[in-house]
Structure formats: C-alpha cells, structure tokens
Amino acid sequence: MNMKKLTILLAFSVLSTSAFAGFLKEGGYLGSQNGEEKVNLLLKPATGREGSYFAVLMKGSKKISLYLVDEINSNSYSMTPLEVTKDGEIGVVNDDPSLVISSAKNNKGLDVFKIMSANSSNSTGFSGFFEFGGKASKVTWLAIDDGQFKTCEAANALQISQIDPKEREATAVFLTKEINGTFTLREKFPAMYLINQNSVLATGTNKNKIPSAIGIFLENKGIFGGKSIDLLLINPKNDTDIRTFSKK
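Note that the coordinates shown come from a computational prediction; the quantities given were computed from them, not determined experimentally.

Draft legend 1. Geometry of the overall build of the chain. A tally of regular secondary structure across the chain gives one helix and 21 strands. Buried positions account for 41% of the 248 residues belonging to the chain. Surface accessibility of the chain: about 14,000 Å² in total, with carbon and sulfur atoms responsible for 52%.

Draft legend 2. Structural context of the sheet that holds strand E8 (residues 99–105). The eight strands are arranged E1-E2-E3-E4-E5-E8-E9-E10 in a closed barrel whose pairing can be described as antiparallel. On average, adjacent strands in this sheet sit at an angle of 30° to one another, irrespective of strand direction. Relative to strand E10 (residues 130–136), strand E9 (residues 111–117) runs antiparallel, the two sharing three bridges. Note that in E10 the partner of Ile115 across the bridge is Phe130.

Draft legend 3. Local environment of the pattern of salt bridges. Enumeration according to the criterion identifies eight salt bridges in this entry. Residue Asp70 is joined to Arg49 by a salt bridge in which the shortest nitrogen-to-oxygen separation is 2.9 Å. Of this pair, Asp70 sits in strand E4 (residues 63–73) while Arg49 sits in the loop between strand E2 (37–45) and strand E3 (53–59), placing them 21 residues apart in sequence. The exposure class assigned to Arg49 is partly exposed, which follows from its relative accessible area of 41%.

Rules of the game
Residues numbered from 1 in each chain as written. Predicted model: local features only at pLDDT ≥ 70, side-chain atom pairs only at ≥ 80, totals over all residues. Heavy atoms only, no water. Helix = DSSP H or I, 4+ residues; strand = E, 2+ residues; numbered from the N terminus. Buried < 20%, exposed > 50% of the residue type's maximum accessible area, 1.4 Å probe, protein only. Areas by Shrake-Rupley, 256 points an atom, 1.4 Å probe, with all protein chains shown as cover. Pairing = 2+ DSSP bridges. Axes fitted to C-alpha atoms, helices over the stretch in contact; angles between N-to-C directions. Salt bridge = Lys/Arg side-chain N within 4 Å of Asp/Glu carboxyl O.

So this is what it looks like as structure tokens:
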C-alpha cells in the first residue's frame, strides 16, 4: 500500500470514528428545568454498550430518575427510564424512550444540549424542558461507600460493610422505623444497587423479598469546599419517594 492510499485510509478511518462520536461525556452537568429550577445530569458509561450511558437526572433530593441513554446519531440521544423489574432486577420495563437529548447552539454561539419529551408511550420519570449550557455539576456519582450513615431522625440509621469485590455486594444493617434489619446491597449496574432482605420462615427456608428501590451514592461539594456523601434509595415507580442516608 503506497503512502497516498495509506493517508486516505487513515483520514477516512478518523472521519468514520468522529462522525458518529456523541457529544456527551462521562461526568456531571448542571442545567435548568423549564428555565427555572436547577437540575443535574450525571453520566457513567454503560459497560458493554458502546456509546451508551447510565444516567441520573435529579432536581436536588426532591426528584431523581435513572435512565439508560443510547446514542441515536452524533447530535442526539434517547433516554429510557430504568426501573425494578418483576424478577427483581434493574432494567427497562417500557422500552419506549421518555426523553430525547439534542445538541444545539445558544444565543452566544456556544455548544449546549437540551432535553425534551420523546412524545412516546413512556411517561415515567421527568417531564418538561431542560437546558444545559456547559456548566459542570458539583454532584459526583460514586461507587459504594462503606461506613456509618445517619438520617434526620436516627444517628445510627445504617451501617454498610466493605463490598466484596468478587460478588459486588455488601451487607447493610438498617435501623430506622421505615426499614430495619440486615440486607444485602448488591451492585446490578455500575454504581446502582438493589437491597435484598432474606426472611427466615418457620420451615427454615429463606424467602428473598423483591426490592422496591434502587440505591445510588452521591457526593455533594459545598460552597466552602466541604463534601458530603449520601446514599439515596429511590423508588422508580414514584421518583419523589426518596430516602436519604448521610455518611457520618
């Protein structure tokens, strides 16, 4: 192969790779909903699904939804809500996307992206219109963090053991009115966890309860450089039903 042909081949290869490279990157973005309230979009690559991400879309701790984000083309992505399936896994229940992300230019000519309704049969999660203008989020989506956690009502609400790196699970002991006992905190998708409690019946057998919430760990940066780490248990059927545990 002569040098001219090699140059053309390399140029075509670069073009083919970049032409369909999406504009989203791993990390966090700060934006607004309907031009008013602040929202954060946090992204992690979806392992084994090239060009796709897992996402947390959140409005403070008032409303949080989880999504699978798939690239449609170089200028847009679909967002499909993640839920707890009937067999107790994290997955897609309705495979119609509920939201669409599109890149655009703002009135200053800067690259931005917007999120809007997909106008599909799927109404789970957020609705409305979102704008992201290039600002970084102060919230970081973490992997599991072991230690002691508290709530407003209980100083020793939760104890999480170190995670077993092979099984990708840890033991969580909850001591609150709403949830108490020993649970297994199991990683299903990167940085997304389900809690399972084994109940011993009179026959001596174990009955595994289907979890109803998805757990994520978030780190928030304060105004003066301080940091706080929270475990949030999110009910995907009602994403305003959130239990927060703060690390001591």
